[in-house]
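A closer look at the structure
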Amino acid sequence: MTNQLRGKAAIVGTGHAGFGEAHGLTAYEIMAQAALAALGDAGLKLNAVDGLFCTMMEDSMPALMAAEYLGIRPRFVEGTMTGGSSFVNYLTSATMALEAGLCDVALIVYGSNQRTASGKLVTVSRPPPYEAPYNPRYPISAYALAAARHMHEFGTTREQLADVAVAARGWAQQNPEAFERGPLTQEQVLSARMVCDPLSVRDCCLVTDGGGAVVLVRAERAKDFPKPPVYVLGSAAESAHRQISQMPDFTVTAARESGQRAFAAAGVKPADIDVVELYDAFTINTILFLEDLGFCKKGEGGTFVEGGRIAPGGVLPVNTNGGGLSCVHPGMYGIFTIIEAARQIRGDAPGLQIKDVNLALAHGNGGVLTSQVTAILGSAATL
Amino acid sequence: METTGHPDKMFRNGLAEGRIILPKCRSCGKFHFFPRLVCPHCHAMEFAWHPVSGRGEIHTTTVVRQKPEHGGDYNICMVELEEGVRMMSRVEGLAPQEVKIGMVVTAYVGEAAGGAAVLCKPAEG
Ligand SMILES: [Zn+2]
């Protein structure tokens, strides 16, 4: 996104549904509940939606299935599948489509019933041909390989990884919407069942049901809605590889580039950001993204997260809803980074509300550290 | 070896013959993996195929934990060959937990998932 698009679109509604276990509901029913919740939040009806931005894990044409389910005939449909980052990516395309007049009301939406339907990640991804013979456990093996290299190069420890999980739980404990709210100590993370060394099951995101949605309109009419508008100040993407075996440097993600461009587009820097919402599929993600987005230097992410520094009361509020590690993770989490960032800016976060939030960062990750998309959102004061 | 328009088949045929052969770009002189029609380094399209030495180093590694009744724990690693390419592999002849980053290994053609595949063993001496 270039500066031309800075602040041109705003989120005027957020909604979610089916967090945790949504027994008896299909993925499309959860998707629809989330869509209706976001539209209700914006004071809009379904028939106002003329731009649909959607992907799901259920089908090869999920956006079309969603449009049919919702009974709408969108004149702009975007379903680019970049994994869990897709929804942050749609902030760019939705802003472009709104600004160009290709649609007037953009709905970004997702839903999944993976937990109650299957109990594990549902994916139509096929194993990459040059990796499949070694039977990697998708996607965790990939993140384990990255974590192991980070530990080797920078001395990052399992204790530091565990601190990421403990911090996320700390936020979740204050958030009534979060799925996992029980106590969690560093020792419990370390002694939990190992899945792929160095990652234990507590280094992994949840497997839940859930859906999320946001509604965007052009900035010029954003003040006419019930909730304070949240402006898209900058958003940018970069894709570096698809298979983990093709990752150019196992300790550096394309968040470095997506972050630089998003910050440049928004005209702000990491130190200006009040709350940070990162796609924490695994504990190593948080460390990698804090480094690559410029909140600390490469290799210092482990130290940065130590001892509650990103937990409630720490130096930087990170994943204030509890993240994918403790709040919700229905296969793809990206939409929830946007929702929590927007609610923190509006001042109606479901858990701990940080005081005077004007700038929030939402970062999406897709695939196996593959697609990185960074968005900077701001209050009216930041325009 | 001559340039081929079928890089995937070329590599797999090599494996089937018990050889690890990789494309080296005639333009930039770099090897790449996985084999493809366009050099990922410089986008040139002419390659010569060379057998690799097999000398390599473990770049990163993990132990996939699995119940003994399902076959037990196993290793997945990234091996960096001295030709400058990395590929996914598995170290044989060593407990999966004993595979360490920086370990010097020999890559060879073995069997994985019922087909010929690049495996590694600790280098001798
Ligand atoms: Zn080349």
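One structure accompanies this document, and this report is about it. (Residues numbered from 1 in each chain as written. Chains lettered and ligands numbered in written order. Predicted model: local features only at pLDDT ≥ 70, side-chain atom pairs only at ≥ 80, totals over all residues. Heavy atoms only, no water.)

The number of helices and strands found in chain B is 1 helix and 7 strands. What you see in chain B, going N to C, is helices and strands ordered as α-β-β-β-β-β-β-β. In terms of overall dimensions, chain B has C-alpha extents of about 45 × 30 × 25 Å along its principal axes. Taking all 125 residues of chain B together, the buried fraction comes to 45%. Taking the contacts inside chain B whose residues are at least 6 apart along the sequence as the reference set, 45% of them involve residues at least 24 apart. Carbon and sulfur atoms form 49% of the exposed surface of chain B, whose accessible area is close to 6200 Å². (Helix = DSSP H or I, 4+ residues; strand = E, 2+ residues; numbered from the N terminus. Buried < 20%, exposed > 50% of the residue type's maximum accessible area, 1.4 Å probe, protein only. Contact = heavy atoms within 4.5 Å. Areas by Shrake-Rupley, 256 points an atom, 1.4 Å probe, with all protein chains shown as cover.)

Further remarks concern the interface of chain A and chain B. Frequently, the measure chosen for interface size is the accessible area that the parts lose on association. Residue-level contacts link 25 residues of chain A with 29 residues of chain B. Carbon and sulfur atoms make up 57% of the area that chain A and chain B hide from each other, which totals about 2400 Å². Among the residues chain A hides against chain B, the three largest losses belong to Y130, Y134 and L145 of chain A. Together they make up 35% of the total. Where chain A meets chain B, there are 1 salt bridge. Here D197 of chain A and R65 of chain B are joined by a salt bridge, their closest N and O atoms 2.7 Å apart. At the boundary of chain A with chain B, the tally comes to 15 residue pairs in polar contact (both at pLDDT 80 or more). For the side of chain A that touches chain B, the elements supplying multiple residues, two or more each, are α5 (140-154) and β5 (194-196) of chain A. Examining the composition of the side of chain A that touches chain B, we find that 6 residues originate from one element, α5 of chain A, more than from any other. Of the residues contributing to the side of chain A that touches chain B, the split by class is 15 nonpolar, 6 polar and 4 charged. (Buried area = accessible area lost by both parts, 1.4 Å probe. Salt bridge = Lys/Arg side-chain N within 4 Å of Asp/Glu carboxyl O. Polar contact = N/O pair within 3.5 Å; in protein donor to acceptor, adjacent residues only side chain to side chain. Nonpolar A, V, L, I, M, F, W, Y, C, P; charged D, E, K, R; others polar.)

A separate point is the pairing of strand β6 (residues 104-112) of chain B. Residues and elements named next belong to chain B. Sheet topology note: the strand β3 (residues 55-64)/β6 ladder contains 3 bridges and is antiparallel. Among the inter-strand pairings, R55 is bridged to a residue of β6, identified as T106. In terms of strand pairing, β6 meets strand β7 (residues 115-122) through 8 bridges, oriented antiparallel. Counterpart to T106 in the pairing with β7 is K121. Counting the residues that bridge the hairpin from β6 to β7 gives 2 residues, and of these A113 lies at a positive phi of roughly 50°. (Pairing = 2+ DSSP bridges.)

Residue and element names in this part refer to chain A. Membership of the largest hydrophobic core comes to 163 residues, with the highest contact counts inside it found for L91, L216, L290, F295, I338 and I376. Take this core: its biggest share by element is 10 residues, from helix α1 (residues 27-42). Excluding residues within four positions of it along the chain, L290 makes contact with L278, F295, C296, F304, V305, I310, L316 and V318. A162, A165, L184 and L190 belong to the second largest nonpolar core, which has 5 residues in total. (Core = buried A, V, L, I, M, F, W, Y, C linked by side-chain atoms within 4.5 Å.)

Residues and elements named next belong to chain A. Taking strand neighbours across the sheet as the criterion, the 9 strands line up as β3-β2-β4-β7-β1-β8-β11-β10-β9 in an open arrangement whose pairing is mixed. Each of the sheet's edge strands pairs with one partner strand only, and the pair in question is β3 (76-78) and β9 (275-278). Neighbour-to-neighbour, the strand axes of this sheet turn through a mean angle of 20°, independent of strand direction. Pairing of strand β1 (residues 9-20) with strand β7 (residues 209-218) involves 9 bridges; the strand directions are antiparallel. (Axes fitted to C-alpha atoms, helices over the stretch in contact; angles between N-to-C directions.)

A separate point is unusual backbone geometry. The step from Y138 of chain A to P139 of chain A runs through a cis peptide bond, and the omega angle for that step is 0°. Tracing the chain through its elements places P139 of chain A in the loop between α4 (114-117) and α5. For N135 of chain A, which is not glycine, the phi dihedral falls at a positive 60°. Positionally, N135 of chain A belongs in the loop between α4 and α5. The phi dihedral of A113 of chain B falls on the positive side, at around 50°, and the residue is not glycine. Secondary-structure assignment places A113 of chain B in the loop between β6 and β7.

Further remarks concern the side chain of T370 of chain A. Residue and element names in this part refer to chain A. Along the chain, T370 turns up in the loop between β10 (359-366) and β11 (371-378). Judged by relative accessible area, which is 6%, T370 ranks as buried. A polar contact is formed between the side chain of T370 and the backbone oxygen of R242, at a distance of 3.2 Å. Each residue touching T370, except ones within four places of it in the same chain, is listed here: E238, S239, A240, H241, R242 and N365.

On to the coordination of the zinc ion, then. Residue and element names in this part refer to chain B. Looking at the zinc ion, one finds its protein donor set to be C25 (SG), C28 (SG), C39 (SG) and C42 (SG), positioned 2.3 to 2.4 Å from the metal centre. For the zinc ion, the 4 donor atoms in the first shell make angles of 100 to 115° at the metal, a pattern classed as tetrahedral. In primary-sequence terms, the residues that donate to the zinc ion follow C-x2-C-x10-C-x2-C. (Donors = N, O, S within 2.8 Å, 3.2 Å for Na, K, Ca; no water. Tetrahedral: all angles 85-135°; square planar, octahedral: opposite > 155°, others 65-115°.)

So, about the packing of helix α6 (residues 158-173) of chain A against helix α9 (residues 283-292) of chain A. Residue and element names in this part refer to chain A. Close contact between α6 and α9 brings their axes to 8 Å; oriented N to C, the two are set at 95°. In terms of orientation, α6 lies roughly perpendicular with respect to α9. For the pair α6 and α9, contact is made by Q160, L161, V164 and A165 and by T283, I284, T286 and I287, respectively. Within the contact of α6 with α9, the residues separate by chemical class into 5 nonpolar, 3 polar and no charged. (Parallel < 35°, antiparallel > 145°, perpendicular 65-115°, else oblique.)

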